[in-house]
Amino acid sequence: ATLSPRKVVGVGDDLVDGDLYDTDGNVHHLSEFSGKYILLDFWSVGCGPCMESIPEGNELAREFADRLAFVRLSVDGEKTWKKVLKIVLKEEKSDCVEWNEFKPMGAGLSASYQANGIPHFVLISPEAKVIDIWTGYGKGSLRSKVNQHLGAK
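Counting restarts for each chain: residues are numbered from 1 in the order of the written sequence. With pLDDT at 70 or above as the cut-off, local features in this predicted model cover only qualifying residues; side-chain atom pairs require 80 or more to be listed or tallied, and sums for whole chains, interfaces and linings still use all residues. Where side-chain values are given, they derive from all heavy atoms of the structure, hydrogens and water being excluded.

Enquirer: Give me the packing of helix α2 (residues 54-63) against helix α5 (residues 141-150): which residues, what numbers.
Expert: Between the N-to-C directions of two axes lies an angle of 0 to 180 degrees, each axis being a line fitted to C-alpha atoms and, for a helix, fitted only over the stretch in contact. Each helix is a run of H or I in the DSSP string that is no shorter than four residues. Each strand is a run of E no shorter than two, and both are numbered from the N terminus. Contact pair α2 / α5: the axes reach a minimum separation of 9 Å and the direction vectors enclose 30°. Between α2 and α5, the crossing angle belongs to the class labelled roughly parallel. Here α2 runs over α5; the crossing is right-handed. Residue-level inspection shows Glu56, Gly57, Glu59, Leu60 and Glu63 of α2 in contact with α5, the latter providing Ser141, Leu142, Arg143 and Val146. Any residue outside Ala, Val, Leu, Ile, Met, Phe, Trp, Tyr, Cys, Pro, Asp, Glu, Lys and Arg is labelled polar, Gly included; the first ten of those are nonpolar and the last four are charged. Looking at the contact of α2 with α5 residue by residue, the classes come out as 3 nonpolar, 2 polar and 4 charged. When describing relative orientation, an angle under 35 degrees is termed roughly parallel and one over 145 degrees roughly antiparallel, while 65 to 115 degrees is termed roughly perpendicular and anything else oblique. In this scheme, a crossing is called left-handed if the near helix is turned counterclockwise away from the far one by less than a right angle; it is called right-handed if the turn is clockwise. Contact between two residues is taken to exist if any of their heavy atoms lie within 4.5 Å; hydrogens are not considered.

Enquirer: Tell me what's going on with the state of the cysteines, and back it up with residues and numbers.
Expert: We call a pair of cysteine sulfur atoms a disulfide whenever their separation is within 2.5 Å. Within the structure shown, the criterion is met by 1 disulfide. Each disulfide pairs two cysteine sulfurs, and for Cys47 the partner residue is Cys50, the sulfurs being separated by 2.4 Å. Negative torsions about the S-S bond denote left-handed disulfides, and the value of about 80° found for Cys47 with Cys50 makes this one right-handed. Using a relative accessible area of 9% as the deciding quantity, one classes Cys47 as buried. Exposure remark for Cys50: the relative accessible area of 0% places this residue in the buried category. The rule is simple: take the accessible area with a 1.4 Å probe, protein chains only, and divide by the maximum for that residue type; under 20% is buried, over 50% is exposed, in between is partly exposed.

Enquirer: Lay out the nonpolar core with the relevant residues and their values.
Expert: Formed by 19 residues in total, the largest nonpolar core has its most connected members in Leu30, Leu40, Phe42, Val71, Leu73, Leu109 and Tyr113. Elements with a contribution of two residues or more to this core: β3 (37-43), β4 (68-74) and β6 (120-124). Discounting residues that sit within four places of it in the chain, Leu30 has contacts with Leu15, Val16, Asp17, Leu20, Ile38, Leu40, Val71, Trp99, Leu109 and Tyr113. Of all hydrophobic cores here, the second largest spans 15 residues; its members include Phe70, Cys96, Trp134 and Val146. We define a nonpolar core as any set of buried Ala, Val, Leu, Ile, Met, Phe, Trp, Tyr and Cys residues linked to one another through side-chain atoms lying within 4.5 Å.

Enquirer: Quick one: what's the story with the packing of aromatic side chains, residue by residue and with numbers?
Expert: Ring geometry is summarised as follows: Phe, Tyr and Trp rings, the Trp one being its six-membered ring, pair when their centres sit within 6.5 Å, and such pairs are stacked at plane angles under 30 degrees, edge-to-face over 60 and tilted between the two. Taken as a whole and judged by the stated rule, the model has 5 aromatic pairs. On the numbers, 5.4 Å between centres and 25° between planes, the contact of Phe121 with Trp134 is stacked. In this pair, Phe121 sits in strand β6 while Trp134 sits in strand β7 (residues 130-135), placing the two residues 13 residues apart along the sequence. Residue Phe121 shares its accessibility class with Trp134, and that shared class is buried. Charge over a ring is defined by NZ of Lys or CZ of Arg lying within 6 Å of the ring centre and within 35 degrees of the ring normal. A cation over an aromatic ring shows up here: Arg72 above the ring of Trp43, its NZ or CZ 4.1 Å from the ring centre.

The values reported here are purely geometric and, on their own, carry no functional implication.
Below, the structure is given as structure tokens:
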């Protein structure tokens with residue numbers, strides 16, 4: 001990390017991409033959503049507000065599916081992440097993209113997007129520019145941010 005530090009980005013910067021894995025181990029990239037808004041959600045199972053945001057995230061992912069990719073990036077280890085997703089997906093199907101970088105908080109994309117706390121959200125424009133970054137969740141806060149940038153549905 002010292003020899004090749006990650007690029008740190010802020011509002012106005014180009015998105016930073018990386019190798020991201022689905023539950024089957026397939027490699028994906030944020031660039032797959034070129035031409036759409038991307039809402040990144042850095043989260044962990046041990047974070048109460050992260051878990052509370054799931055229903056609102058799913059609702060927004062469904063409503064804005066034509067223009068928004070809601071990508072949840074877990075910072076949990078593989079076993080914990082997959083176990084929690086099985087439980088969550090049984091109770092409420094995820095309409096969000098569920099990926100993991102398998103790097104600890106403070107490394108990889110969480111370092112690039114300055115995720116010092118969770119949940120941490122990054123909104124990226126269809127032109128691949130970071131347009132908003134915020135940390136924390138309260139009921140209605142995701143909808144407010146999405147509506148602010150994409151307009152109400």
